[in-house]
Amino acid sequence: MHFEASMLRFLLLWLLVFCTAFSSSSARPPPFAMRISCGARDNVHTPPTNTLWYKDFAYTGGIPANASSTSFITPPLKTLRYFPLSGGPENCYNLNNVPKGHYLVRMFFGLVNQTNFDSEPLFDVSVEGTQICSLQSGWSNQDDQAFAEAIVFLLDGTASLCFHSTGHGDPTILSIEILQVDDNAYYFGPQWGRGIVLRTATRLSCGTGQSKFGIDYSGDPWGGDRFWKYIKTFGQDSDRPRSTESSIKQASLSPNFYPQGLYQSALVSTDNQPELTYAMDVEPNRNYSIWLHFAEIDSSVTAIGQRVFDILINSDVVFPDVDIIKMSGDRYAALVLNTTVAISGRTLTITLEPKNGSHAIINAIEVFEVIIAESKTSPEEVSALQTLKNALSLPLRLGWNGDPCVPQEHPWSGADCHFDSNSSKWFIDGLYFLDPCGLDNQGLRGFLPDDISKLSHLQSINLSGNMIHGAIPSSLGTIASLEKLDLSYNFFNGSIPESLGQLTSLQILNLNGNSLSGRVPAALGGRLLHRASFNFTDNAGLCGIPGLRTCGPHLSAGAKVGIVLGALLLLLLIGICSMCWWKRRQNILRAQQLAARDAPYAKARTHLSRDIQMTRPYNNHGHSRTAAENGPSLLS
């Protein structure tokens, strides 16, 4: 018996260890989180939670500065980054390596802590090309307006957060948070999806307590560390606070993971004011998703039917006969009700009207503006515009940061956009860099890159009145939709590309006032008879059409290349021959010098040989005889 008990305890111990190990291995990993301290040169840890904030090096432009905090809820960071208008009307943080998912994105604003920055800037904020916030005067004195927040899907591995100047001061950004939440967080019905952005309009914790973040509530990190603004009353003598220390069931559940502490305080109506009413300002003609939180924590209500009330939104009943205990299943149990309504006016009013029992109760309120996410510009065209920006040395004042077409309230200066409903993308159909007032040009000094042909939907290009140099790229001839091309009064050189003759839609072509040369393509010359307006004047080297000088013998491009190669070959041959002649000449001179040096010795040898010949005996006929004639020598 004792052995069996020991074995049982042993097996139970191993089962406990196995279950613990399995539970640990199958536990959900922590959500992705990135927090940036704007303007910081080093990573920062902030108390009391030792939260890590990364420095913002290389994410954006702008100017770092010391920060002046605007609210007690603002992260305790000492720096910010501001964006003067001279650097462009749009400035963005572009963050890479963000895992695909659903995110709560939050940006805190601040004031520059310098004597000449005492004004409160007003500007617009967009996330992934969708405008989510337009700061209003007085925001620096309101806790829930010291930041902008939205719940969005980030699906391409990047996050783009932009700040748009509205002419009322320089945008100032204190911090950025990108916090992953559950993929199904705040699902509100069939319209919910990846094309929806939920902008936080308000988030209230009712009753007693303090304004808190999720981390202060010890909330689950998958809840996104939301900020809950404490509100102790909806109106004077209209309600009374309630609170409890009891645990709340069904609170921190997927996908929203509300903290338990949210349900441990509430507001309850009074005998003098049986109804509970909360009103807030909203944008007209928008849809709002409303989330109402309840838990029966009042000790006077213990059973089903003792508290029943209707919930009205702008006087329309949206939830009749709400009985918290019945709907949640128990006392001290969380209940969340959600509805999405269209608001035509500027006020959203939530009313809790008692039916059974004399009082209504509510624990927390969340209101989100439902925004249809903007469709983005074709990535290939955005890349082409960035190449064009660099090639033309675009002035900083033009900006060209973020998406060129969205938000629609802030398109890029100099770019016209067109939305294609078939592909659900924006395309660029016009480029204009001529100052509309005609007082000055934009000072573009670079060249036109071949990548301009990737803007395949262009109908009009006006780059006149600048200082662009180099050749006209032949790739322009591939933009079949091009109707107007004005490159006048620049410094373009070389010939007019033959490919421009392929632009059958081209009606206006202004190339006057440049340094072009060569023959005007015959295809362009023929178009002049079809009511096209072409201007080639003030190009001293152009020829071949009426109004220009007569061209000489025309050589094709291949012939010109052949002539150049032949001339180079001839020069090379002449150089080789000249080198050979010079070498031969040097050899001859060297031989002559050697001969002149050896001449005395050669003369001396010649005289010696002659003397020897003269001393030899001669025969009777006066000739010397050879050895054969004299016979063999006699040896004594």
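Given the structure is predicted, the values throughout are model-derived calculations rather than measurements. (Residues numbered from 1 in each chain as written. Predicted model: local features only at pLDDT ≥ 70, side-chain atom pairs only at ≥ 80, totals over all residues. Heavy atoms only, no water.)

Draft legend 1. Just the state of the cysteines, in detail. A full pass over the atoms with the stated rule returns three disulfides. Sulfur-sulfur distance for the disulfide between Cys405 and Cys417 comes to 2.1 Å. Between Cys405 and Cys417, the disulfide has an S-S torsion of -90° and is therefore left-handed. Here Cys405 is found in the loop between helix H3 (379-391) and strand S27 (415-420), whereas its partner Cys417 is found in strand S27, with twelve residues between them in sequence. Taking relative accessible area as the criterion, Cys405 reaches 3% and is therefore assigned buried. By relative accessible area, which is 24% here, Cys417 ends up partly exposed. A sulfur-sulfur separation of 1.8 Å characterises the disulfide bridge that pairs Cys543 with Cys551. Looking down the S-S bond of the Cys543 and Cys551 bridge, the torsion is 105°, so its handedness is right-handed. Take Cys543 and Cys551: they sit in the same class, and that class is buried. Taking only the cysteines that form disulfides and numbering them from first to last, the protein chain has the pattern 1-2, 3-4, 5-6. (Disulfide = S-S within 2.5 Å. Helix = DSSP H or I, 4+ residues; strand = E, 2+ residues; numbered from the N terminus. Buried < 20%, exposed > 50% of the residue type's maximum accessible area, 1.4 Å probe, protein only.)

Draft legend 2. Representation of the sheet that holds strand S33 (residues 508-510). Strand order in the open sheet formed by six strands is S27-S28-S29-S31-S33-S35, with mixed pairing between adjacent strands. Single-partner strands in this sheet number two, and they are S27 and strand S35 (533-535). With strand direction ignored, the average angle separating the axes of adjacent strands in the sheet is 20°. Across three bridges, the pairing between strand S29 (residues 460-462) and strand S31 (residues 484-486) is parallel. (Pairing = 2+ DSSP bridges. Axes fitted to C-alpha atoms, helices over the stretch in contact; angles between N-to-C directions.)

Draft legend 3. Here's a closer look at the environment of Asn184. On the secondary structure map, Asn184 appears in the loop between strand S13 (172-181) and strand S14 (196-206). Considering only alpha carbons, one finds Asn184 and His102, 82 residues apart in sequence, at a separation of 8.0 Å. Beyond its immediate chain neighbours, meaning those up to four positions away, Asn184 contacts His102, Trp192 and Pro255. (Contact = heavy atoms within 4.5 Å.)

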